[in-house]
Amino acid sequence: MTPVQHKVLTEMKTLTDDCLVQAKTGTGKTIAFLLPALQTLLKNSNLPKGQVGVLVLSPTRELALQIAKECDQLTASLNKPIECHTAFGGTQRATALKKFNSGSPSVLVATPGRLKDYLSDPAIQSRFSNMQCLILDEADTMLERGFLADVKRILETLPPKSSGWQGMCFSATVPDKIQDVIHNILRTPYAQISTVDKNEAPTAVNVPQFSLIVPSITKQLPTLLALVNEEYKEDPENFKVIVFNSTANGAALLYHAFRNLIPGLKTWQIQSRMNQNARTLTTEEFKEAKTGILFASDVVGRGMDFPNVSHVIQVGVPMSSEQYIHRVGRTARAGNSGRAIILLTQDESSFVQYNRTFPIKPYPVKISAEATALEPAIEQQMAKVDPDVKRKAYQAFLGFNKDNLRQHKGNKEAIVQIANDFAFAMGCDEIPMVEKRIVGKMGLKGVKGLNIGTDPGAGQGSHAKGRGGGEGRMQNQNSNAGNGLLNTGARPGASGGASAAADMRGVDSSRGFHSGAPTGRGGRGGRGAGGRGRGRGGKRPLAPSAGSSTTDLASKRRAE
Ligand SMILES: Nc1ncnc2c1ncn2[C@@H]1O[C@H](COP(=O)(O)OP(=O)(O)OP(=O)(O)O)[C@@H](O)[C@H]1O
């Protein structure tokens, strides 16, 4: 047993007690909640066929699948098998439902969006009437703004708490504010179990953590490449890395920028704009891989157990202090060691100061000269990246930073300027166009420096060929992307509730109830903005912001 497993099995008065359990990332919480729940099922073998006895809620599809697999492994050698089903978005609803309806789903692992969908059918709802145990994995995020409404809706359709079901909440992070809503799941007094010392750093043990600060956004990509090269050469045989970015389109951009830049290393991307098959395949491949780089958004920021990840690199600030902890926790799992590096611009560096309890030290190797030398390689690669990938990354960057760069709050022009520097660093010839209604939703109406366009015609834009609803969903993400908490860090433990859920649930909620129709505002027809510079703002030459250090790239490009 790991410590958390030992404590859960020995410190609760009975295994059916309500409990709130905190233990660091990668310390075996999944088995710690599955064992008591399965024991309850085995003891009450009179669960009517077809009834769900144990319900596990997970914030992401990948995590739901992983929990179900762990459950199957635990029950594999039982004489009487226990069926564990999954319900999450992005999969064939009809097929999963048919299996659910004809099987004995004693355990169901679900994401909130799809479960809500299931429960809107009274016939399915009745199959939860004997529920004995409800588990919230990643409980703090499940009880935050982004998911709380769904969880409350789900609770309204499940048997009332007075019917006696056990509530179990597990996470590596338990911010104080969780106390305000935990009564929805747990009845006071509930068991409070923690393996984390209050005076201890909340991050996983065995992870040296470093920050690498670059003067401006234009240095970010070359520095990332220099950093990867630097770390790779230390132990190429075991170099298995996750590079996180806080937006789905930002992660996609990094993948496209880097996929051909590190010879000999396989690269993947995983983010919520990908279809579920591609996400599942990537998850499986990266789990199996010995080396390689996964460029990821927060869809795999929590809970995912990729074996032997040697490094976690975060590019830009995470959505919250908690999210930092969970991302770092993708390495050094189950007693292994790992390294974590956060790459920040000067503007973002206050994240480290505000989170002083995190043992983050300055990156020990000077790599700025290498980064400068790598600028041409980045430029060349960027020239090959689809302009639409850049445009989406620009817009996501704008939305995320508008909400999160605290030191610029109130100075929207400064945020736009940084976003334009980012566009410049991506090698855009002009400021990427942002649709007028999206500018309005971002609260950037009237702000100088934007290239605002009106809807230039359905289906004409280059991104219209992408997945439907791109714009609407992107805006959805951006408008939720944090609430200014992360840089405050003044509230360590504060978290961007909605933001933490944004990337994850943007997808789960992307299908309407029953209809399976996309609900993204953009719609399938690609109502979004199209070709660059076609909007009212017209073509705007892209120049570096005054006082920024973009001039090196700028002058090079002008010379070319
Ligand atoms: N008792 C054990 N002995 C050895 N390995 C274990 C044990 N329990 C769990 N593990 C393994 O440890 C790894 C991490 O477990 P798990 O994913 O449950 O961690 P977690 O605490 O839920 O992490 P996170 O907070 O990131 O969700 C998994 O590969 C799991 O199979």
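Residues numbered from 1 in each chain as written. Predicted model: local features only at pLDDT ≥ 70, side-chain atom pairs only at ≥ 80, totals over all residues.

Counted only if it meets this: UniProt positions are given in the numbering used here, feature names are shortened, and annotations may be inferred rather than shown by experiment.
Under an unreviewed UniProt entry, the name given to the chain is ATP-dependent RNA helicase, and the source organism is Aulographum hederae CBS 113979. According to the UniProt record, the Sequence similarities (unreviewed entry) comment for the chain is "Belongs to the DEAD box helicase family."

**Observations regarding the nonpolar core**
The condition that has to hold: Defined on buried residues, the nonpolar core groups Ala, Val, Leu, Ile, Met, Phe, Trp, Tyr and Cys residues joined through C-beta atoms within 7 Å. Partly exposed residues are those whose C-beta has more than 12 but fewer than 20 other C-beta atoms within 10 Å; with 20 or more the residue is buried, with 12 or fewer it is exposed, and the C-beta atoms are placed from the backbone. Working definition of a contact: two residues with C-beta atoms, positioned from the backbone, lying within 7 Å.
Ranked by internal contacts, the top residues of the largest apolar core, which has 134 residues, are L55, C169, V243 and A296. Setting aside chain neighbours within four positions, we find V243 in contact with L254, I293, F295, A296, I313 and V315.

**Concerning the sheet that holds strand β8 (residues 209-214)**
Using the following cut-off: Only when DSSP finds a minimum of two bridges between them are two strands counted as paired. What counts as a helix is a DSSP run of H or I of at least four residues, what counts as a strand is a run of E of at least two, and both are numbered from the N terminus. Only the contacting stretch of a helix is used when fitting its axis, a line to C-alpha atoms as for every element, and angles between N-to-C directions run 0 to 180 degrees.
The strand order across the open sheet formed by seven strands is β10-β11-β9-β12-β13-β8-β14, and the pairing between neighbours is parallel. On the outer flanks of this sheet lie β10 (267-270) and β14 (360-362), each paired with one strand and no other. Recorded for the sheet is a direction-independent mean angle of 25 degrees between the axes of neighbouring strands. The pairing of strand β12 (residues 311-315) with strand β13 (residues 339-345) spans five bridges and is parallel. Note on β13: the bridge partner recorded for I313 is I341. Sheet contacts for helix α9 (residues 220-234): β8, β12 and β13; angle to β13, the most-contacted strand, approximately 160 degrees.

**Remarks on the confidence of the model for the chain**
As a reminder of what qualifies: You can read pLDDT as the predictor saying how much it trusts each residue, on a scale of 0 to 100.
On average, residues of the chain score 83 in pLDDT, and 80% of them reach the 70 mark or higher. pLDDT under 50 marks residues 546-560. Its contacts with residues more than four places away, or in other chains, come to 20 contacts.

**Here's the deal with the pairing of strand β5 (residues 133-137)**
Burial analysis of β5 places five of its five residues in the buried class, which makes it a mostly covered element. The side-chain alternation of β5 yields two buried faces, one formed by C133, I135 and D137 and the other by L134 and L136. Across four bridges, the pairing between strand β2 (residues 54-57) and β5 is parallel. The residue of β5 that forms the bridge with V54 is C133. Of the strand pairs in this sheet, β5 and strand β6 (residues 166-171) are connected by five bridges, and their pairing is parallel. If you follow L134 over to β6, its bridge partner there is G167.

**What to know about helix α10 (residues 248-258)**
Burial of α10 is extensive: 11 of the 11 residues sit out of reach of the surface. Turning to α10, its buried residues are A248, N249, G250, A251, A252, L253, L254, Y255, H256, A257 and F258.

**Remarks on the sheet that holds strand β3 (residues 84-87)**
Judged by pairing direction, the sheet is parallel, and its seven strands sit side by side in the order β3-β4-β2-β5-β6-β1-β7 without closing on themselves. The open sheet is flanked by β3 and β7 (191-194), the only strands paired with a single partner. For this sheet the average axis-to-axis angle between neighbouring strands, irrespective of direction, equals 15 degrees. Sheet analysis places β3 next to strand β4 (residues 107-110), joined by four bridges and oriented parallel. Looking at the pairing, C84 lines up with V107 of β4.

**A short note on helix α14 (residues 368-384)**
Threshold: By definition here, a helix of n residues has an expected span of 1.5 Å times n minus one. Two axes enter the definition of the bend at a residue: one is fitted to the seven residues ending there, the other to the seven starting there, and the bend is the angle between them.
The first and last C-alpha atoms of α14 sit 25 Å apart over 17 residues, in line with the 24 Å expected at 1.5 Å per residue. At L374, α14 shows its largest bend, some 40 degrees, and a proline, P376, comes one to four positions later. For α14, the set of buried residues is A371, L374, E375 and I378.

**Some words on the pairing of β4**
Keep this limit in mind: Convention used here: a crossover is right-handed provided that the path from the first strand, over the helix, to the second strand proceeds clockwise when the strands point away from the viewer.
Side chains of β4 alternate between two faces, with V107 and V109 and L108 and A110 buried alike. Of the pairings in the sheet, the one linking β2 to β4 comprises four bridges and is parallel in character. Residue pairing for β4: L57 is matched across the bridge by A110. At this point the chain moves from β3, through helix α4 (residues 93-102), to the parallel β4, and the crossover so formed is right-handed.

**Quick word on the packing of helix α15 (residues 387-404) against helix α16 (residues 412-425)**
Between two packed helices, both the angle of their axes relative to each other and the distance between the axes serve to describe the pair. We count it as follows: Relative orientations are named as follows: roughly parallel for angles under 35 degrees, roughly antiparallel for angles over 145 degrees, roughly perpendicular for angles from 65 to 115 degrees, and oblique for any other angle. Two helices crossing with the near one rotated counterclockwise from the far one by less than a right angle form a left-handed crossing, whereas a clockwise rotation gives a right-handed crossing.
Relative to each other, α15 and α16 sit at 150 degrees, their axes nearing to 9 Å. Here α15 lies roughly antiparallel to α16, going by the angle between them. As for the relative orientation of α15 and α16, their crossing is right-handed in sense. Contact residues: Y394, F397, L398, N401 and K402 in α15; K412, I415, I418, A419, F422 and A423 in α16.

**As for the site of the ligand**
Threshold: The rule is simple: place the C-beta atom from the backbone, and if it lies within 6 Å of a molecule or strand, the residue is near it. Residue ranges assigned to each domain were obtained from an automatic or database domain assignment.
Lining the immediate environment of the ligand, one finds 17 residues, of which T25, G28, K29, T30 and A334 sit closest. Per-element accounting of the shell around the ligand gives the leading share, three residues, to helix α2 (residues 29-43). Counting the residues that make up the shell around the ligand, at least three belong to each of domain 1 (3-194) and domain 2 (209-369).

**Observations concerning the domain arrangement of the chain**
When cut into domains, the chain gives domain 1 (3-194), domain 2 (209-369) and domain 3 (386-453). For domain 1 versus domain 2, the distance between C-alpha centres works out to 30 Å. Between domain 1 and domain 2, the contact holds 18 residues from the first and 17 residues from the second. Here the side of domain 1 that touches domain 2 takes four residues from helix α3 (residues 61-75), the largest share from any one element.

**Observations regarding the packing of helix α1 (residues 3-11) against α2**
Following both chains from N to C, one finds α1 and α2 inclined at 25 degrees, their axes separated by 8 Å at the closest point. Between α1 and α2, the angle is such that the two are roughly parallel. The chirality of how α1 crosses α2 is right-handed. For the pair α1 and α2, contact is made by V4, Q5, V8 and L9 and by K29, I31, A32, L35 and P36, respectively.

**Describing the UniProt feature "domain: Helicase ATP-binding" (unreviewed entry) in the chain**
According to UniProt, the "domain: Helicase ATP-binding" (unreviewed entry) feature falls on residues 10-192. With 39% helix and 16% strand, residues 10-192 has its two end C-alpha atoms placed 13 Å apart.

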